[in-house]
Structures are given as structure tokens and as C-alpha cells.
Amino acid sequence: AYAYAKQSNVSVRVARIFNTYGPRMHANDGRVVSNFIIQALQGAPITVYGSGDQTRSFQYVSDLVNGMVALMESNYTQPVNIGNPDEHSIITFAQLIREMVGGDSRIEHLPPVVDDPQRRRPDITLAKKVLNWQPTVPLKRGLQKTVDYFRRELGRTNHEERNHAPIEDFEP
């Protein structure tokens, strides 16, 4: 990005984007949020790799957008982490999804993934300081909108009806 800025004489901003979720996620993108929700909605086992003690942090899509806009409107040109620092163990997250969806999905432990980080938590101190930004959407509220979206999507029979989430799904 910086080489391009110098070569083209343009201003750039660099964001390090952390786990983001929300309506219009692709159901089969391999991310933990969509995987767990789809598995639970279909009554399939919710698959946790390893013990589930590893942690992740999740930000709702509107928080990401607001962070990106704050960065673009700033004069700050160094990299900034845009994410949610609230950590959740994968096993706790799986239990939360199962509770929100309802049903009888069991949690199934599979062998751990090689090189899977044990902890992913962004430090957003800089974003708070230089952008006056931090995430505002609570996990349960964002997840409920995401679960509702996937529930509607799975209920649609015509492929052309899919991926047309109303704009209010994206608002906090």
C-alpha cells in the first residue's frame, strides 16, 4: 500500500481487519460464525476443532464499516487494528450459538487444526486514540441478526431470493 501511495502520489490508509460477521456472510465460507450457525440451524453437530479453549474475537459488520469510515476520514496513515477486543472461547461460542438457534445440535470435537492460534484478540488502543473508534454492537445482538438472516436464507427455496437482506439487518 505504501509503495503504491508513493508511486501514484495518493494518500492511503491501512486497516488490519479482524473477524467480522453479519448478514450476507456466505454460508460456506469456512468461518466459525457461519459454520456454527448453519450447523445448528440444520440440526447437525457443531464442530469444534481441538478442545475449544482457543479464543476468538468477533465484530459485527456495522462496527467494521464505522471503523473503516473513521480511518478513511482521518489523517492517520499507519496501520490500525479494526476489531473487537472481547474474547470468547470457541467452546463457549458454540454453546451460545446452539442456545440462540435452539434445537438438538450436539457439540462434536474434532482433531485440532495444525497451527491454529490459541488466541486472537486485536489491540484497538490505537483506533480508540487516533480514530475515537471502538465497536459498539454487543455480540448477542449481532449474532441474533446473523442467525435470523441465515434462518431466512435456509428457508428460501429459490436461489434468486437469497442474499437480499434488508438494510436494517446491518444496523446496530
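The structure under discussion appears in the preceding block.
Residues numbered from 1 in each chain as written. Predicted model: local features only at pLDDT ≥ 70, side-chain atom pairs only at ≥ 80, totals over all residues. Heavy atoms only, no water.

Q: Give a description of the environment of Ala15 that names residues and reports values.
A: Take Ala15: it is sitting in strand β1 (residues 15-17). Considering only alpha carbons, one finds Ala15 and Met68, 53 residues apart in sequence, at a separation of 7.3 Å. With near-sequence residues (within four places) excluded, Ala15 lies in contact with Met68, Leu71, Val80 and Ile82. (Helix = DSSP H or I, 4+ residues; strand = E, 2+ residues; numbered from the N terminus. Contact = heavy atoms within 4.5 Å.)

Q: Requested: an account of unusual backbone geometry, with residues and values cited.
A: Backbone geometry at Arg24 places phi at a positive 75 degrees, although glycine is not the residue there. For Arg24, a relative accessible area of 43% translates into the label partly exposed. Of note in this structure, Asn132 is not a glycine but carries a positive phi near 55 degrees. (Buried < 20%, exposed > 50% of the residue type's maximum accessible area, 1.4 Å probe, protein only.)

Q: Would you mind going over the pattern of salt bridges in detail, with residue names and values included?
A: With the rule as written, the count across this model stands at five salt bridges. In this structure, Glu153 and Arg156 form a salt bridge, with 3.0 Å as the shortest nitrogen-oxygen distance. For Arg156, a relative accessible area of 21% gives the class partly exposed. (Salt bridge = Lys/Arg side-chain N within 4 Å of Asp/Glu carboxyl O.)

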